[in-house]
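Listed here are the chains, written in short residue letters.
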Amino acid sequence: MKILFLDIDGVCNSANYARERAKPGMLDIDPDTVPIIRRIIEETGCSVVLSSSWRLDKHLRDDVREHIVKFIDVTPDNRGLTDRGCEVIAWRKQHPEVTTHAILDDSTDFHKDQPFFKTDWQTGITEQVADKVIAHLNGGSHATK
């Protein structure tokens, strides 16, 4: 089983989107990022676990399900106790069926040995980052920060 740990802010939206296209009252998801996330899922057969702070709010989780992807679970809420890398580790310990995973995030609070693919808050996910995630989940290249 392949898993993509998905952040939202800085991946599925960006400073550029907020500045150039978002309007008050609009959903904070850049529609141009959605096909990129869906391509990762289609080309790897992975399932998604929401690791974003959006996982903590029911309405935001619903927005992710409706506008981006139907995720299978969320990482545990260990705010203040551990970093996000530890939240991924905690989730993985409960799911030994996972054979490979990738973390897609614009934050850097992950561990050096974790397959972390960094996006940029200014631009969100790019096709180049998606290509690296796909290659990793399909048994190819390794992540770099």
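Residues numbered from 1 in each chain as written. Predicted model: local features only at pLDDT ≥ 70, side-chain atom pairs only at ≥ 80, totals over all residues. Heavy atoms only, no water.

A few words now on the sheet that holds strand β1 (residues 2-6). Strand order in the open sheet formed by five strands is β3-β2-β1-β4-β5, with parallel pairing between adjacent strands. Of all the strands in the sheet, just β3 (73-74) and β5 (116-118) have a single pairing partner and so form its edges. Pairing between β1 and strand β2 (residues 47-50): four bridges, direction parallel. Considered in β2, the bridge of Leu-4 is made with Val-48. Sheet strands in contact with helix α5 (residues 127-137) are β1, β4 (100-105) and β5, and its direction is about 165° off that of β4. (Pairing = 2+ DSSP bridges. Helix = DSSP H or I, 4+ residues; strand = E, 2+ residues; numbered from the N terminus. Contact = heavy atoms within 4.5 Å. Axes fitted to C-alpha atoms, helices over the stretch in contact; angles between N-to-C directions.)

Let us now look at the packing of aromatic side chains. In the structure shown here, the tally under the stated rule is two aromatic pairs. Ring centres of Phe-5 and Trp-91 lie 5.4 Å apart, and the angle between their planes is 85°; on these two criteria the pair is classed as edge-to-face. Placement of Phe-5 in strand β1 and of Trp-91 in helix α4 (residues 84-93) is noted, with a sequence separation of 86 residues between them. Given the relative accessible area of 4%, Trp-91 is considered buried. (Phe/Tyr/Trp six-rings, centres within 6.5 Å; stacked < 30°, edge-to-face > 60°. Buried < 20%, exposed > 50% of the residue type's maximum accessible area, 1.4 Å probe, protein only.)

Put simply, helix α2 (residues 34-44) and α5 touch, their axes get as near as 10 Å, and they point 20° apart. Between α2 and α5, the interaxial angle falls into the category roughly parallel. The interaxial crossing formed by α2 with α5 has right-handed handedness. Contact with α2, carried on its side by Ile-36, Arg-39, Ile-40, Glu-43 and Thr-44, involves Glu-127, Ala-130, Asp-131, Val-133, Ile-134 and Leu-137 of α5 and no other residues of that element. Classifying every residue of the contact of α2 with α5 by side-chain character gives six nonpolar, one polar and four charged. (Parallel < 35°, antiparallel > 145°, perpendicular 65-115°, else oblique. Left-handed = near helix turned anticlockwise from the far one by under 90°. Nonpolar A, V, L, I, M, F, W, Y, C, P; charged D, E, K, R; others polar.)

Turning our eyes to something else, we now look at the pairing of β1. Across the five residues of β1, four count as buried, placing the element largely inside the fold. Sheet topology note: the β1/β4 ladder contains five bridges and is parallel. Pairing of Leu-4 across the sheet is with Ala-102, part of β4.

Note on soluble globular proteins: their nonpolar side chains tend to be buried together. If you look at the biggest cluster of nonpolar residues, it comprises 28 residues, and the most contacted ones within it are Leu-6, Ile-37, Ile-40, Ile-68, Leu-104, Ile-125 and Val-133. Taken together, the elements giving at least two residues each to this core come down to β1, α2, β2, β4 and α5. Contact partners of Ile-37, with chain neighbours within four places excluded, come to Leu-6, Val-11, Cys-12, Ile-68, Leu-104 and Ile-125. Val-49, Val-88, Val-98 and Ile-103 belong to the second largest nonpolar core, which has nine residues in total. (Core = buried A, V, L, I, M, F, W, Y, C linked by side-chain atoms within 4.5 Å.)

Here we take up the environment of Val-74. Residue position: Val-74 is located in strand β3. Linking Val-74 and Ser-107, residues 33 residues apart in sequence, is a C-alpha distance of 17 Å. Ignoring sequence-local partners within four residues, the contact set of Val-74 consists of Val-49, Leu-50, Arg-55, Arg-61 and Trp-91.

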